[in-house]
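Next come the chains, spelled out residue by residue.
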Amino acid sequence: MAKEKMSAEKKTKLIYSGELLIFAILFLVIATLEIIGVIGKREIMHTIFNWVTIFGMTWIIVDFFWVLFSKKRRAKNSLLDKALLLPVAVYLITFDILCFCKLSFITIDFRRMMMAIAFYYIGAIYLFQSIYHYFVPVPMLLVAIEEEKAEKEKAEHKEEVEEQQPEETNKKESD
């Protein structure tokens, strides 16, 4: 019994959803390690986290508005994906500002809890996206699927042409 080949569309959707699932698992594990105190004990790591997230979350907000107002970018990206990240972006920017102010209630345990909440939220977003985008692929993924189908058809057509050429050559030689 011959094994059926997986369609290009299904293979591409599985790979993309799998990548999102790996990110979800990664963020959920990091959040859990943060909660139980395995990581995030040094002050310098918290400061680096604050600087990275303040710039990263600012970019997420800018990117959301860019997708929202640019028809060209909206055609390639999922507005839902961008919108789901807005709450965590505002949350982390606010948290970063509080940390930079060095307020008295900002303890190491408070920081670890706030960071873990953000990681759990991001992990939940990626988990949702891994399931959602299997059924509703992002526009860029649809373009990639169409390109792969076109390449496959082109390769099949090329093989057909190559198979026909020896037959024509044999006919010419026999004449």
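Note that the structure is a prediction, hence the values are computed from the model and not measured. (Residues numbered from 1 in each chain as written. Predicted model: local features only at pLDDT ≥ 70, side-chain atom pairs only at ≥ 80, totals over all residues. Heavy atoms only, no water.)

Chemist: Mind showing me how you'd approach a negative patch on the surface here?
Modeler: On the surface, Glu 9, Glu 146, Glu 153, Glu 156, Glu 159, Glu 160, Glu 162 and Glu 163 cluster together into a negatively charged patch. Considering every element that reaches the negative patch, the biggest residue donor is helix H7 (residues 139-174), with 7 residues. With respect to the element layout, Glu 163 can be found in helix H7. Its relative accessible area of 55% is what places Glu 163 among the exposed residues. (Patch = residues over 30% accessible without salt bridge, like charges linked within 9 Å, V, L, I, M, F, W, Y side chains within 5 Å. Areas by Shrake-Rupley, 256 points an atom, 1.4 Å probe, with all protein chains shown as cover. Salt bridge = Lys/Arg side-chain N within 4 Å of Asp/Glu carboxyl O. Lys, Arg positive; Asp, Glu negative; His and termini not counted. Charge placed at Lys NZ, Arg CZ, Asp CG, Glu CD. Helix = DSSP H or I, 4+ residues; strand = E, 2+ residues; numbered from the N terminus. Buried < 20%, exposed > 50% of the residue type's maximum accessible area, 1.4 Å probe, protein only.)

Chemist: Honestly, the packing of aromatic side chains in this entry has me stumped. Any pointers?
Modeler: When we look at a pair of aromatic rings, we describe it by the centre distance and by the angle of the planes. With the rule as written, the count across this model stands at 12 aromatic pairs. Geometrically, the ring pair formed by Trp 51 and Phe 100 is tilted, given 4.6 Å between the ring centres and 40° between the ring planes. Of this pair, Trp 51 sits in helix H2 (residues 43-69) while Phe 100 sits in helix H5 (residues 86-101), placing them 49 residues apart in sequence. Look at Phe 100 and you get partly exposed, because its relative accessible area is 32%. Each member of the aromatic cluster is reached from another via a ring pair, and the members are Phe 23, Phe 27, Phe 49, Phe 119 and Tyr 126. Sitting over the ring of Tyr 134, Lys 13 keeps its end group 5.0 Å from the ring centre. (Phe/Tyr/Trp six-rings, centres within 6.5 Å; stacked < 30°, edge-to-face > 60°. Lys NZ or Arg CZ within 6 Å of the ring centre and 35° of its normal.)

Chemist: Before we go on, may I ask you to explain a nonpolar patch on the surface in this structure?
Modeler: Side chains of Leu 21, Ile 25, Val 29, Leu 127, Ile 131, Phe 135 and Val 136 sit close together on the surface and give an oily, nonpolar patch of about 620 Å² of accessible area. Secondary-structure elements contributing two or more residues to the nonpolar patch are helix H1 (8-36) and helix H6 (108-135). Mapped onto the secondary structure, Val 29 falls in helix H1.

Chemist: I'm lost on the pattern of salt bridges in this one. Help?
Modeler: Pairing of side chains with opposite charge becomes possible as their charged atoms draw close. Enumeration according to the criterion identifies 4 salt bridges in this entry. The shortest N-O distance in the salt bridge between Arg 73 and Asp 63 comes to 2.2 Å. Note that Arg 73 is positioned in helix H3 (residues 71-74) and Asp 63 in helix H2, a separation of 10 residues in sequence. Look at Asp 63 and you get buried, because its relative accessible area is 6%. Taking the shortest distance from any N to any O, the salt bridge between Arg 112 and Asp 109 comes out at 4.0 Å. Of the two residues, Arg 112 and Asp 109 both sit in helix H6, 3 residues apart, roughly one turn of that helix. Residue Asp 109 is classed as exposed on the basis of its relative accessible area, which comes to 55%.

Chemist: Sorry, what's going on with the packing of H1 against H6 here?
Modeler: Pairs of packed helices are described in terms of their axes, by the angle between the two and the distance that separates them. The contact between H1 and H6 brings their axes to 8 Å, and the two run at 165°. The angle between the axes of H1 and H6 places the two elements in the roughly antiparallel class. By crossing handedness, the relation of H1 to H6 is classed as left-handed. (Axes fitted to C-alpha atoms, helices over the stretch in contact; angles between N-to-C directions. Parallel < 35°, antiparallel > 145°, perpendicular 65-115°, else oblique. Left-handed = near helix turned anticlockwise from the far one by under 90°.)

Chemist: How do you make sense of the environment of Leu 14 when you look at a structure like this?
Modeler: Mapped onto the elements of the fold, Leu 14 is located in helix H1. Between the C-alpha atom of Leu 14 and that of Ser 78, which follows or precedes it by 64 residues, the distance is 18 Å. Residues in contact with Leu 14, not counting those within four places in the same chain, are Met 6 and Tyr 134. (Contact = heavy atoms within 4.5 Å.)

Chemist: Any chance you could explain the nonpolar core here in plain terms?
Modeler: Nonpolar side chains in soluble globular proteins tend to end up buried together. The biggest cluster of nonpolar side chains holds 20 residues, and the ones touching the most others in it are Phe 49, Met 57, Val 88, Leu 92 and Phe 95. Elements with a minimum of two residues in this core: H1, H2, H5 and H6. Of all the elements, H6 adds the most residues to this core, at 7 residues. What Phe 49 contacts, discounting residues up to four positions off in sequence, is Leu 92, Phe 95, Met 115 and Phe 119. (Core = buried A, V, L, I, M, F, W, Y, C linked by side-chain atoms within 4.5 Å.)

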